[in-house]
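# Residue-level structural notes
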Amino acid sequence: MESSYEGLSLLNEAFEVIYRSPSAERILGWESAELLNLSISDLIHYEDLDFVNKSFEDILLLPGSSKSCVFRFKQKDEKYIWMECFLTNMLDDPDVKAIVCRYKDITEKKDAAKMLLQASNELYAYKYALDESAIVAVTDEKGIIRHVNDNFCRISQYERNELIGKDHRIINSSFHAKEFIENLWATISSGLIWKGEIKNRAKDGSFYWVDTSIIPFLDDFGLPYKYVAIGSDITNRKQAEEKSRLENIRLRLLESVVTHTNDAILITEAEPQNEPGPRIIYLNDAFTKMTGYSSEEVLGKSPRFLQGPKTDRNELNRLELALRNWLPCEITVINYKKNGEEFCINLTVTPVADEAGWYTHWISVGRDISERKILEQEFNQIFNLAPDIICTVGLDGYFKKVNPAMSDILEYSKEELLSRPISKFIHPEDQLRIMAELQIKNRGAESFYFENRCVTKSGQVKWLGWTATPASKEGLIFTVAKNITDKKQLEDLLDKVTRMAGIGGWAFDLVKGTLYWSAVTKEIHEVAPDFEPDIQKALHFYNEESDKTSITEHLALAVDMGASFDLELQILTATQRVRWVRITGEPEIENNKCVRISGSFQDIDVRKKAEIVAREALLEKNLILESIGDAFFAVDKNWIVNYWNNKAEKVLHKTREETSGFNLWEVFADAVGSKTYEKYHQAVKTNRAIHFEDYYPPLKKWYDISAYPSSNGLSVYFKDVTERKKSSTALAESEKNYSTLFHLSPLPMWVFSIETLAFLDVNDAAIKTYGYSHEEFLNMTIMDIRKEEDIRKLKHVLSMKNTSQHSLSHQGIFTHKKKNGELIQVNIQSNLIRYKGIYSKIIIANDMTESYNYITKIEQQNIKFREIAWIQSHIVRAPLARIMSIVPMLQNWETFAEERETLLDYLLHASNELDQVIKTISDKTRLAQDD
């Protein structure tokens, strides 16, 4: 018994010890003589005393029964130990005649259970905090979703049962490149943590952004068996960033326009409009270049100092009238430069109003049109002296302006040319064709060229080649024509030479319905010399249905519109050989009707097939190089870039236009002498492939590079491995004793000492949100991020020591102050922990500024519900207690027969009172819900 882990004592009916085992002194920490002077109340913890006494009383009433109890027992050194006691009533046993009490010290067991409970509470606190403030999803090793929290369902707009069993492709936005997703999976499947920003698509098609951390959970073999994704909604931030980016681009463009425009820009005050006039407050460089005045010489003056003797007073009066009525105005006047030189300026003045609609400034844009005036004079000289025809034509078919050369060539006076329609000067056989071409080409946006024959006043036929612009807003077509009669005669001679060279001809007589093929054309079709073609037979030779449709449509256009054509098509010859041919057609018009179409037939099979082979080879090469996942470029032996794929453009931020045809080391001059520079030269020198990684400081990127030399130069494959490098570095530097969730949480988290309120640790999200560095945080207390009026409240909360007052977790909405002084409303969730032996609190802060008003309203509603709860717990108690005391009496109605009626009245009264209380609770509940 001495070395036993249990103690044994025998008690009489008065609970006096009549026997105590030798091990009792060791377990209880008291000598037997010392215990004689001590009562149970001296030894049992006051909180456990009633329970122990009740246990003894119960065992005394039930002979032969057993009962166990656990309580705290005070040892001699004033410390309490936890005791587990087993009581057995053996007073009726003649051999024992005592209450047997067996007991043992279970303090270590209780401490272990307490630590387990604390660890469980901390784990629950982490999970609760994440579920309340973050977007959480859990997938298996294949990426199949096994769990999502409410926040995930809310932001994705999917029900939980719609997500479970699916993978994340259900919310894929298709925004991220394939390489982005591959990198993500490569990272987490290798057991590393991935961090990044992901754009997803909600159920309704809208997009949202999540700042995400994906943590792999590893089995005993180091392989992932599930992944936990923790994220926060950053959609508003990304939208704000995009809006800010676009606004900055717009402002930069506007600034660039104002700065680099060749037009002079002045900004003046709105008033005074009388002398001396509004003062200049801004001018651009173009104004200085235009006038010769520096900004120092101009600022504070009125623009009127530029005026002089030749400034048109009528134009100035028109401008003054517009200014007095706050209207925009455009004038053209002569102003004077600093050196006294005159210049002609076209000036546009516009008023600018503030948000209230009050005009505050004038903006004037001036363009020096002195050269334009000179050009107008030079144009008049060219117009009158040019040997070629220059004229303008109206949409009504009449010349509007003609130069002397037109009169010389066509032998008509200016008046005769302007008074007759254009068609009167065109050769009758060309009229229909030319008018049709003009209608078609005038609808385009580019200048066009056409040729036709004109008949002079003396009856001569002259060929003119016209270059015309589409009709302007004023309805005018500007044209220039050359006399090409000699050129046409040479072309006719060339046609004869071409026919002699073996290019076939063909002609289709629409009047007779006959088709003619020359001997060469028949040879190209590989038919007999006596073969007699017709339209149906000719169309049968076209191999592809699309080619047959094309030639049919162009023949119809030639007949209906007089349009010529030039096509390259495939035919199937009489000997079943596929051959590429070029066919041209020119319609002949008589009396406004197409009577004949003639043209040439040329064998272009060798050239066309060579073009196709070359094009396919180039396309295949480009397709391969553009479809590979890596960036790629190639240089020749002189380091001139001769290929640069799309991926290389994205990875190195250089377009093909910036690199192709340029020396690699001139484009990337800052890389000369780098590791990459040395490795590339080593590969070329040794003629051996080389693989390495290098950091490129200008882009702050790491690259994985493979270089392969050849007889033509060097081919390089590379990819951006910056994120992998960052992940490896972050993982290596992280401290082993920190919780992974703490460091990688997208929400601000910190640990502080309850004793000193000093920050003990903070995560990156807190540093990013509050603006303090890690070192600054560790030299601060939590008082430094609170408003002055909140500090007293915070001290009161932290001063509560009793567990009943101060629970293991605490939460609420508080006002915090960033380093820049900005105040934010944050939802604080906290838990008690021991951090490096220090009693501390871990905090999760979620920015709830936007939700604060909504939460305040909910709290007001909760006050009403607490009032209802108080009614339920206090007012209901009185009538309910009376009912419960009356019911047993009614059950023993024989004993209380005389008081039966009285008891029933009491019961009815109590029931009515309880009913009234329940109605009050229902009314208040309804009002609270309505609010």
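Conventions we followed
Residues numbered from 1 in each chain as written. Predicted model: local features only at pLDDT ≥ 70, side-chain atom pairs only at ≥ 80, totals over all residues. Heavy atoms only, no water. Helix = DSSP H or I, 4+ residues; strand = E, 2+ residues; numbered from the N terminus. Buried < 20%, exposed > 50% of the residue type's maximum accessible area, 1.4 Å probe, protein only. Contact = heavy atoms within 4.5 Å. Pairing = 2+ DSSP bridges. Axes fitted to C-alpha atoms, helices over the stretch in contact; angles between N-to-C directions. Expected span 1.5 Å × (residues − 1). Arc of directions from axis to C-beta. Polar contact = N/O pair within 3.5 Å; in protein donor to acceptor, adjacent residues only side chain to side chain. Core = buried A, V, L, I, M, F, W, Y, C linked by side-chain atoms within 4.5 Å. pLDDT = per-residue confidence, 0-100. Phe/Tyr/Trp six-rings, centres within 6.5 Å; stacked < 30°, edge-to-face > 60°. Lys NZ or Arg CZ within 6 Å of the ring centre and 35° of its normal.

This paragraph deals with the overall build of the chain. Of the regular secondary structure elements, the chain holds 33 helices and 35 strands. Put simply, the chain has 931 residues, and 37% of those count as buried. Within the chain, contacts between residues separated by at least 24 positions form 43% of all contacts whose residues are at least 6 apart in sequence.

Moving on, we come to the sheet that holds strand β17 (residues 399-402). The strands that make up a sheet pair up through hydrogen bonds in the backbone, lying either parallel or antiparallel. The five strands lie next to each other as β17-β16-β20-β19-β18, forming an open sheet whose pairing is antiparallel. Edge positions in the sheet fall to β17 and β18 (448-455), since each has one partner strand and no second. For this sheet, the mean inter-axis angle between neighbouring strands, taken without regard to orientation, is 30°. Note that strand β16 (residues 389-394) and strand β20 (residues 476-483) share six bridges and pair antiparallel. Counted as the bridge partner of threonine 392 is phenylalanine 478 from β20.

Looking now at helix α12 (residues 313-324). If you check α12, its first and last C-alpha atoms are 16 Å apart, about what 12 residues at 1.5 Å a residue would give, namely 16 Å. Residues of α12 that are buried: Glu315, Leu316, Leu319, Ala322 and Leu323. Angular distribution of buried residues about the axis of α12 spans 120°; they occupy a single face of the element. In α12, the exposed positions angled more than 90 degrees off the buried face are occupied by Asn314 and Leu321. Close packing links the buried residues of α12 with β13 (329-336), β14 (342-353) and β15 (359-368). The residue sitting at the N-terminus of α12 and contributing the capping side-chain oxygen is aspartate 312; that oxygen lies 2.9 Å from the backbone nitrogen of asparagine 314. Count one or two residues on from α12 and you reach tryptophan 326, which has phi positive near 55°.

Read across the sheet, five strands follow the order β7-β6-β10-β9-β8 without closing on themselves; strand pairing throughout is antiparallel. What marks the edges here is a single partner per strand, and that holds for β7 (145-148) and β8 (194-201). Taken over all neighbouring pairs, the strand axes of this sheet differ in orientation by 30° on average, direction set aside.

As a further point, take the nonpolar core. Counting residues in hydrophobic clusters, the biggest one holds 25 residues, and the most contacted among them are Leu664, Tyr680 and Phe718. Taken together, the elements giving at least two residues each to this core come down to β26 (631-636), β27 (641-644), α22 (646-652), α24 (664-667), α25 (675-686), β28 (690-696), β29 (701-710) and β30 (713-720). Non-local contacts of tyrosine 680, meaning those with residues more than four positions away in its chain, are made with Phe633, Trp639, Leu664, Trp665, Phe692, Ile705, Ala707, Leu714 and Val716.

This part takes up the environment of asparagine 846. Assignment of secondary structure puts asparagine 846 in strand β35 (residues 838-847). The class of asparagine 846 is buried, set by a relative accessible area of 17%. Taking the C-alpha atoms as reference points, asparagine 846 and asparagine 827, 19 residues apart in sequence, are found 5.1 Å from one another.

Our focus in this paragraph is the side chain of aspartate 430. The topology assignment puts aspartate 430 in helix α16 (residues 428-441). At 2.8 Å, the side chain of aspartate 430 forms a polar contact with the backbone nitrogen of arginine 453. Once residues lying within four places of it in the same chain are set aside, the contact partners of aspartate 430 are Asn452 and Arg453.

Further remarks concern the confidence of the model for the chain. Residues with a pLDDT of 70 or more make up 86% of the chain, whose mean pLDDT is 84. The least confident element of the chain is helix α31 (residues 852-875), whose mean pLDDT is 64; the most confident is β8, at 94. When the criterion is pLDDT under 50, residues 801-809 qualifies, and its contacts beyond four places in sequence or with other chains add up to 11 contacts.

This part takes up the pairing of β30. For β26 and β30, the ladder comprises six bridges, and the chain directions are antiparallel. Among the inter-strand pairings, phenylalanine 632 is bridged to a residue of β30, identified as tyrosine 717. Strand direction decides the pairing type here: β29 and β30, joined by eight bridges, are antiparallel. Bridge pairing in β30 places proline 709 opposite leucine 714. Remark: two residues form the turn of the hairpin made by β29 and β30, two consecutive strands paired antiparallel.

Spanning 12 residues, α25 covers 16 Å between terminal C-alpha atoms, matching the ideal 16 Å at 1.5 Å per step. When we look at burial in α25, the residues that qualify are Thr676, Tyr680 and Ala683. Around the axis of α25, the buried residues are gathered within 60° of arc, so they sit on the same side. Away from its buried face, by an angle of more than 90 degrees, α25 presents the exposed residues Glu678 and Lys685. If you follow the buried residues of α25, they end up packed against β26, α24, β28, β29 and β30. Following α25 by one or two positions, asparagine 687 has its phi on the positive side, about 55°.

We now examine the packing of aromatic side chains. Per the stated rule, a full pass over the model turns up 34 aromatic pairs. Ring geometry for phenylalanine 399 and phenylalanine 425: centres 6.1 Å apart, planes at 50°, overall tilted. One end of the pair, phenylalanine 399, is in strand β17; the other, phenylalanine 425, is in the loop between α15 (414-419) and α16, with 26 residues separating them in the sequence. Exposure remark for phenylalanine 425: the relative accessible area of 2% places this residue in the buried category. Ring geometry for tryptophan 750 against phenylalanine 759: centres 5.9 Å apart, planes inclined by 75°, an arrangement best described as edge-to-face. A residue is classified by how much of its surface remains accessible, and tryptophan 750, at 3% relative accessible area, is buried. Note that lysine 654 overlies the ring of phenylalanine 668, its terminal NZ or CZ placed 6.0 Å from the centroid.

Okay, unusual backbone geometry next. Put simply, glutamate 271 and proline 272 share a cis peptide bond, and its omega is 5°. Note on placement: proline 272 falls in the loop between β11 (264-269) and β12 (280-283). One non-glycine residue, glutamine 576, lies in positive phi territory at about 70°.

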